[in-house]
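What the coordinates show
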Amino acid sequence: MKKTKSRNMIFAILKYAVVLTLTFSMLVPFVWMLSASFKTNLEVFAFPIQWIPEVFHFENYSNVWEIANYPRMFLNTVKLTAIITVLQVLTSTLAAYAFSKIKFPERDVLFLLYLATMMVPYQVVMIPQFSIIRNMGLSNTHMALILIQAFTPMGVFLIKQFFDGIPNELIEAARIDGLNEFGIYSRIMLPLSKSAIVSLSILTITATWNDFLAPLIYISDKDLFTIQLGLRNLCSEYTAEYGQIMAASVMSVIPIFVLYCIFQRFFEEGMISGAVKG
Amino acid sequence: MSKTNVKNKRSTAIVRRNRRKAYLFLLPNFIGFVVFTLIPVAMALFYSFTNYDGNRRMDFIRLTNFIKLFSDSSFVISLKNTIIYTVGTVPLIIILSLLVSVLMNNGVKGAPIYRAIMLFPHIASIVAVTVVWQFLYNAKNGPINQILRSIGVVDPPSWLSDQKTALLAVMIMIIWKGIGYYMITYLAGLRGIPKDQYEAATVDGANAWEKLIYVTIPNLRPVTFYATIMCIINSFQVFTPIYVMTKGGPGRATSVLVLKIYEDAFVNYKFGYASAEAMILFLLILVVTLIQFYHNKKLEA
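The shown structure was predicted, so the numbers you read here are calculated from the model rather than taken from an experiment.

Rules used throughout
- Residues numbered from 1 in each chain as written.
- Chains lettered and ligands numbered in written order.
- Predicted model: local features only at pLDDT ≥ 70, side-chain atom pairs only at ≥ 80, totals over all residues.
- Heavy atoms only, no water.
- Helix = DSSP H or I, 4+ residues; strand = E, 2+ residues; numbered from the N terminus.
- Buried < 20%, exposed > 50% of the residue type's maximum accessible area, 1.4 Å probe, protein only.
- Polar contact = N/O pair within 3.5 Å; in protein donor to acceptor, adjacent residues only side chain to side chain.
- Contact = heavy atoms within 4.5 Å.
- Buried area = accessible area lost by both parts, 1.4 Å probe.
- Salt bridge = Lys/Arg side-chain N within 4 Å of Asp/Glu carboxyl O.
- Phe/Tyr/Trp six-rings, centres within 6.5 Å; stacked < 30°, edge-to-face > 60°.
- Expected span 1.5 Å × (residues − 1).
- Arc of directions from axis to C-beta.
- Domains from an automatic or database assignment.
- Patch = residues over 30% accessible without salt bridge, like charges linked within 9 Å, V, L, I, M, F, W, Y side chains within 5 Å.
- Areas by Shrake-Rupley, 256 points an atom, 1.4 Å probe, with all protein chains shown as cover.

Once that is clear, we can look at the side chain of S100 of chain A. Residues and elements named next belong to chain A. Mapped onto the secondary structure, S100 falls in helix α4 (residues 70–101). Overall, the relative accessible area of 9% leaves S100 in the buried class. At a separation of 2.6 Å, a polar atom in the side chain of S100 contacts the side chain of D164.

Set out below in structure tokens:
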């Protein structure tokens, strides 16, 4: 009895040791970033690390705000994220309704087409997409990013999966009561799918906010830069401005961090619902 | 008119009406899907057999691109690096996330907070995270090497500026970033294991270790399989951290497939050639996806 007790004790200690070490190592780079963002360039690499700077150099933030044209980039990114997310949610829920609740002959074939293209990675279609956008005269515009990101099959797939779980009897009853299809969609399906819609929105917001490759391909005009492009540009133009680069990094992470604090559950749900597709 | 005829007529009318309704709902997404996903998929294949330069020239050159690929040393190196990167990161990410999720599921005080913290690297901007790690890896003054020196390592590695360690450095960061996501997947899988299996194991006198080996891990097999497949596919597609950290350097030490595709397409404007490279990426992913597909079929059967 005593032996198992001490063995349990050792297990508990090991358990906490592993979990805490991992948690700690996940946290440290972010703390270091935050701390460095308030330091002068000399202090950033001083050793031993001074986690709380003696003087908080807020001017790193105000400098980035000015030199990197930060407010403009911030607005650009907010605008793109908002438009893409709204379009994605709107068109995905509409299409998912047709796939899930209306019987029509080509349904399965069309849905299979959506599914099949889901496994084609962005990097494979990016070249033809680029020439299509260029032929439309849209390269170096925000419209390019909106068009290529607002209609992805992923959203349709996630919402359809959720709609499939809503009983058909409910829809039939509403049809008998004389509600038209759009009424069923907007007054029954959407209110019942709030959590799926929030999850999809969160996934889309995070993906758009953090996206780097597509803006890198399409946007060359600095006035049209997104935050991620701007951060990368700052790093290559002001290589030695360590404090300011860290301040810019903090600012690029904060909006998603706030969103994460509020909607943590939906971040996880969105990821898991994306994960069950196998 | 017979009864069945009337019925047929009515049902074709219903089909027609349903079809019209369905297409109205589908249309907004479908147009975007066709123009920006479906057509590009077909075009990508076509481009790979041409010498399209993004401008005037586009001749059908059959397999020339694909033949050239394998004597193009920078393509071969990029392919090799992608495979090293995948083999080096996937097993560690999967094992560590399995380990930590099992421990977290075993009654840890404050688990929700640890979970939230561990998922954050996955959500945070990859550019920002990469920039921070670039500082941490700084060979001369970076905190990692300062710490190594302070514990007596005389000659710590130069990380990103050394051909021998650059890829390793990127891999460490990716493992750090990836664990949280797969941990969440595992935690969802763990919730799905029936409690009575553990009770039965307890009745049989199994200890915690035996429960892990004989109950938990076998039950998690589908999750592990799925997570491994996803992780492999994601590794094949790595681009941003490498572009930001090293741009493929020093030399070609960290060049990966997507970086090479990007450079050939959007720096050198060799659209045809880059599309052929993209087809190789697609084939790699297709093989992995098909393995998953047949595996799932086997499970269902």
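This is not the end of the story, as more comes after the structure.
Another aspect to go through is the interface of chain B and chain A. Taken together, the contact pairs 93 residues of chain B with 86 residues of chain A. The contact between chain B and chain A buries some 8200 Å² in all, and 78% of this surface belongs to carbon and sulfur atoms. Considering only the side of chain B, the residues that lose the most area to chain A are F25, F36 and F135 of chain B, jointly responsible for 11% of the buried surface there. Inspection of the chain B/chain A interface yields three salt bridges.

So, on to the packing of aromatic side chains. For the structure shown, the criterion picks out 49 aromatic pairs over all chains. Relative to F58 of chain A, the ring of F56 of chain A has its centre 6.1 Å away and its plane inclined at 25°; by these criteria the two rings are stacked. Taking the relative accessible area as the measure of exposure, F56 of chain A reaches 38% and is therefore partly exposed. Taking 6.4 Å as the distance between ring centres and 25° as the angle between the ring planes, the aromatic pair formed by Y114 of chain A and F30 of chain B counts as stacked.

A separate point is helix α5 (residues 107–118) of chain A. Residue and element names in this part refer to chain A. Given a rise of 1.5 Å per residue, twelve residues ought to cover 16 Å, and the 17 Å separating the end C-alpha atoms of α5 matches this to within 8%. L110, F111, Y114, T117 and M118 are the residues of α5 that are buried. One side of α5 holds all its buried residues, which, seen down the axis, span an arc of 125°. With respect to the buried face of α5, the exposed residues turned more than 90 degrees away are D108, V109 and L112.

Attention now goes to the domain arrangement of chain A. Residues and elements named next belong to chain A. For chain A, the domain assignment lists domain 1 (2–59) and domain 2 (61–275). One C-alpha centre belongs to domain 1, the other to domain 2; they are set 33 Å apart. In total, about 980 Å² of surface goes out of reach between domain 1 and domain 2, with carbon and sulfur atoms giving 66% of it. In terms of surface lost to domain 2, no three residues of domain 1 exceed M33, N41 and E59, which account for 50% of the buried area on that side. Applying the counting rule to domain 1 against domain 2 returns zero salt bridges. Where domain 1 meets domain 2, there are ten residue pairs in polar contact (both at pLDDT 80 or more). Secondary-structure elements contributing two or more residues to the side of domain 1 that touches domain 2 are α1 (2–36) and α2 (41–44).

Attention now moves to a nonpolar patch on the surface. The grouping of L27, V31, W51, I52, F56 and F58 of chain A at the surface amounts to a nonpolar patch, some 590 Å² of accessible area in total. With respect to the helices, strands and loops of the structure, F56 of chain A is situated in the loop between α2 and α3 (59–67).

Before going further, it helps to spend a moment on the environment of W133 of chain B. Tracing the backbone through its elements, the reader meets W133 of chain B in helix α5 (residues 126–136). Put simply, W133 of chain B and F293 of chain B are 160 residues apart on the chain and 37 Å apart in space, counted from C-alpha to C-alpha. Dropping the residues within four chain positions of it, W133 of chain B is found in contact with P29 of chain A together with I144, I172, M173, W176 and M245 of chain B.

By the secondary structure assignment, A124 of chain B is in the loop between α4 (111–123) and α5. Between the alpha carbons of A124 of chain B and K177 of chain B there is a distance of 9.1 Å; along the sequence they are 53 residues apart. Among all residues touching A124 of chain B, those that are not within four sequence positions of it are F30, N210 and V253 of chain A together with V129 and K177 of chain B.

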